[in-house]
Amino acid sequence: MDLFRRAILEPGPPENFALRTVQEAIKPQKQTKLVQDENQLLENILRTLLQELVSAAVQSEEKVMEYGKAIADGDVSQGQIPRLLDIVLYLCEKEHVEAGMIFQLLEDLTEMSTMRNCEDIFGYIESKQDILGKPELFARGKLVMLRTCNQLLRRLSKANDVVFCGRIIMFLAHFFPLSERSAVNIKGVFNTSNETNYEKEPPDGISIDFNFYKTFWSLQENFSNPASLAVVPTKWQKFTSSLMVVLNTFEAQPLSDEEGNANNLEDEATTFNIKYLTSSKLMGLELKDPSFRRHILVQCLILFDYLKAPGKNDKDLPSEAVREDIKSCEECVKKLLQSTPPKGEEFLQSIEHILERERNWVWWKRDGCPPFEKPPIEKKAGQDGVKKRKPRWRLGNKELSQLWKWADQNPNALTDAQRVRTPSIMEYWKPLAEDMDESAGIEPEYHHKNNRVYCWKGLRFSARQDLDGFSRFTEYGIEGVVPPELLPPEVRSKYQAKPSERSKRARKEETKGAANKAEENQIVAPTNETDGEGSKTDVEASAAPMDTDAATSGNMSQGGTPTPDEQKQSSDTDGQEPGQIEAESGMIDGETDAEVELEAVG
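Since the structure is predicted, the reported quantities are computational estimates derived from the model, not experimental observations. (Residues numbered from 1 in each chain as written. Predicted model: local features only at pLDDT ≥ 70, side-chain atom pairs only at ≥ 80, totals over all residues. Heavy atoms only, no water.)

Asks: Which residues make up the packing of aromatic side chains, and what values go with them?
Replies: Evaluation of the coordinates by the stated rule reveals 22 aromatic pairs. Aromatic side chains Phe122 and Phe171 sit 5.4 Å apart centroid to centroid with 80 degrees between the ring planes, which places their arrangement in the edge-to-face category. You can see Phe122 sitting in helix α6 (residues 115–127) and its partner Phe171 sitting in helix α9 (residues 162–175), a full 49 residues away along the chain. What makes Phe171 buried here is its relative accessible area of 3%. (Phe/Tyr/Trp six-rings, centres within 6.5 Å; stacked < 30°, edge-to-face > 60°. Helix = DSSP H or I, 4+ residues; strand = E, 2+ residues; numbered from the N terminus. Buried < 20%, exposed > 50% of the residue type's maximum accessible area, 1.4 Å probe, protein only.)

Asks: Outline the side chain of Ser462, supporting the account with residue identities and numerical values.
Replies: Locating Ser462 in the fold gives a position in helix α21 (residues 452–465). The buried category is assigned to Ser462, whose relative accessible area is 0%.

Asks: Can you explain the side chain of Glu43? Please cite residues and give values.
Replies: Examined against the element boundaries, Glu43 turns out to sit in helix α3 (residues 36–59). Among all residues touching Glu43, those that are not within four sequence positions of it are Met101 and Gln104. (Contact = heavy atoms within 4.5 Å.)

Asks: Break down the pattern of salt bridges for me, citing the residues and quoting the values.
Replies: Within the structure shown, the criterion is met by 18 salt bridges. Ionic pairing is found between Arg359 and Asp305, a salt bridge with its closest N-O pair at 2.3 Å. Here Arg359 is found in helix α18 (residues 344–366), whereas its partner Asp305 is found in helix α16 (residues 290–307), with 54 residues between them in sequence. The exposure class assigned to Arg359 is partly exposed, which follows from its relative accessible area of 25%. With a closest N to O distance of 3.9 Å, Glu330 and Lys334 form a salt bridge. Highlighted residues: Glu330 and Lys334, both in helix α17 (residues 320–339), separated by four residues, approximately one helical turn. (Salt bridge = Lys/Arg side-chain N within 4 Å of Asp/Glu carboxyl O.)

Asks: Please give an account of the nonpolar core that cites residues and values.
Replies: Within soluble globular proteins, side chains that are nonpolar tend to cluster in buried spots. Of all hydrophobic cores here, the largest spans 57 residues; its most connected members are Leu42, Ile81, Ile102, Leu109, Leu132 and Met145. Elements with a minimum of two residues in this core: α1 (2–9), α2 (18–26), α3, α4 (80–93), α5 (101–112), α6, α8 (135–155) and α9. The dominant element in this core, judged by the number of residues it contributes, is α4, at nine residues. Beyond its immediate chain neighbours, meaning those up to four positions away, Leu109 contacts Leu50, Val54, Val64, Met65, Ile81, Leu85 and Ile121. Residues Phe216, Leu219, Phe250 and Cys300 belong to the second largest nonpolar core, which totals 35 residues. (Core = buried A, V, L, I, M, F, W, Y, C linked by side-chain atoms within 4.5 Å.)

Asks: Tell me about the packing of helix α12 (residues 233–252) against α17, residues and numbers included.
Replies: Between α12 and α17, the least distance of the axes is 11 Å, while the angle of their chain directions is 20 degrees. Between α12 and α17, the angle falls in the class roughly parallel. Handedness of the α12/α17 crossing: left-handed. When α12 is examined against α17, the residues Trp236, Leu243, Met244, Leu247, Phe250 and Glu251 are found in contact with a partner set consisting of Val322, Asp325, Ile326, Cys329, Cys332, Val333 and Leu336. Classifying every residue of the contact of α12 with α17 by side-chain character gives 11 nonpolar, no polar and two charged. (Axes fitted to C-alpha atoms, helices over the stretch in contact; angles between N-to-C directions. Parallel < 35°, antiparallel > 145°, perpendicular 65-115°, else oblique. Left-handed = near helix turned anticlockwise from the far one by under 90°. Nonpolar A, V, L, I, M, F, W, Y, C, P; charged D, E, K, R; others polar.)

Asks: Please provide a residue-by-residue account of the packing of helix α20 (residues 425–436) against α21, values included.
Replies: For the pair α20 and α21, interaxial distance at closest approach is 10 Å and the crossing angle is 145 degrees. Along this stretch, α20 crosses α21, giving a crossing that reads as left-handed. Residues Ile425, Tyr428, Trp429, Pro431 and Leu432 of α20 pack against Val453, Tyr454, Lys457, Gly458, Leu459, Phe461, Ser462 and Gln465 of α21. Per-class residue counts for the contact of α20 with α21 are nine nonpolar, three polar and one charged.

Asks: Mind laying out unusual backbone geometry, listing which residues take part and the relevant values?
Replies: The omega angle of the peptide bond from Pro341 to Pro342 is -5 degrees, so this bond is cis rather than trans. Of note, Pro342 is situated in the loop between α17 and α18. Even without glycine at this site, Glu95 takes up a positive phi of about 60 degrees. For Glu95, the position within the fold is in the loop between α4 and α5. For Lys343, which is not a glycine, the phi torsion comes out positive at approximately 55 degrees.

Asks: An account of α12 is requested, with residue identities and associated values reported.
Replies: Because an α-helix completes one turn every 3.6 residues, residues spaced three or four positions apart along the sequence face the same direction. With 20 residues, α12 should reach 28 Å at 1.5 Å per residue; the first-to-last C-alpha distance of 29 Å fits that figure. Within α12, the full set of buried residues consists of Trp236, Phe239, Thr240, Ser242, Leu243, Val246, Leu247, Thr249 and Phe250. Considering only its buried residues, α12 is in contact with α10 (210–224), α11 (227–231), α15 (283–287), α16 and α17. (Expected span 1.5 Å × (residues − 1).)

Asks: Now, about α17: what can you tell me, with residues and values included?
Replies: Taking 1.5 Å as the rise per residue, α17 with 20 residues should run 28 Å; its terminal C-alpha atoms sit 29 Å apart, in good agreement. For α17, the complete set of buried residues consists of Val322, Ile326, Cys329, Glu330, Cys332, Val333, Leu336 and Leu337. In the core, the buried residues of α17 are packed alongside α12, α16 and α18.

The structure is reproduced here in structure tokens:
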């Protein structure tokens, strides 16, 4: 203890000698941090020293925080107790000792001091608020600091020490985070000890309606404990009937603008009292006071807002009849507030805004009080202190950028007639047809069919200009859409060697339609023999256009000048034997005849 007495009197900042003094007094196992038993030993020494210093200050009739001050060369040294607190605060901040030790010493100091000295002690606490609020200290001492402040508030007079009480409350508001649960009424408990006493029996010589007086002040019991209204239905009915009596009285005795302006509410706010007097002799005057009426009407809105509070369970919600009563009473209260001078409409808007914020506060509490604070974003400094250039965001794409470059190089590009031109099918599918030619030796990974944009554009062109090729997409894929004229013979035969299932289906539908026509002709014709000839004629007639088209194309290719594609087709046909051609044609004719016979039998 003598070592700390000498350390208090040493000049200079605490970091020059604080840790050395602890090592000499305790002789810890570790050089820079004390273990649990060593912390307890040091705390006992410091608390005993603090108690002796306070006793010495009281005996010398000096202020506690000014005890031991010395004046040397015109400089006023710090008192011994603040010096001791600074040494302990430095050790706690550097984590040499247990972080809650400084809070324990401050609590002991306030308990041993008078209220006059406590004001100076609290001034020291306010000056060290930033250090005490650091996370490593706050986590270990927040409950001790809260207990210390609450004990001070209990000892202070709310009437005579208003400023000191305000300082303590403001300190707690800044010291604790906004989402601290210790300052929140989580369960929503009401202060039922706040009772309003009023006269139960009518006094002599009073000309007011005493029944109205009792009805009016009996509402305060429900305002102080709104939860009781939701439990007993008969109590709610009694409350609504009493409330309507009061509201009807307010409505029957409206206040004029002169009465509202006569009471200057701004001046009245300086002498505002928490509770109004309940004497029956003042009832007539209080009814003419606009602030008194507003006080009662706002109490009604707060009660209604509690009954409709968000986040309640289905069991706690009011019934349909109660909700209707609340709605009607609330409308009446708002109408009276709006008509109460002065500035009734502005006052009502302010109250509604406050109640809206209160509903958000209730939601926050029922969600478990999630923290409002967000960690700050760390700014990464540039290398060597050089400011980094802000990144540029590229808009558009590569093709659009190239288009703008072309427009700069060629000003007439936008007015060129060939600027917007849709290519033909032959021209567009030519690169893919070259890829499909195996003799070209193009590797599959470089084929145009792997380019999704190219295939998508090609399908759009084919859908507009070549529906026949577009229909082959479902069976052969993107390569089937390529016009056969662009393909070499060996590749073309892959996509045209056999009729597709779709062409067979179309041929069946045509044959079925012809058979249906034949049956209709049989019903109309007079004899069976004529019906058979008619059906045969219809079948031949339906098959005639196909034969005619084939013959016409054959005559044109023979009689006219053949195109290169037609020369290739004719060479392919010449390469086949006559028997193969007749067999294929006979097979197709045979399939058609068989299908016609089956349909006729059916």
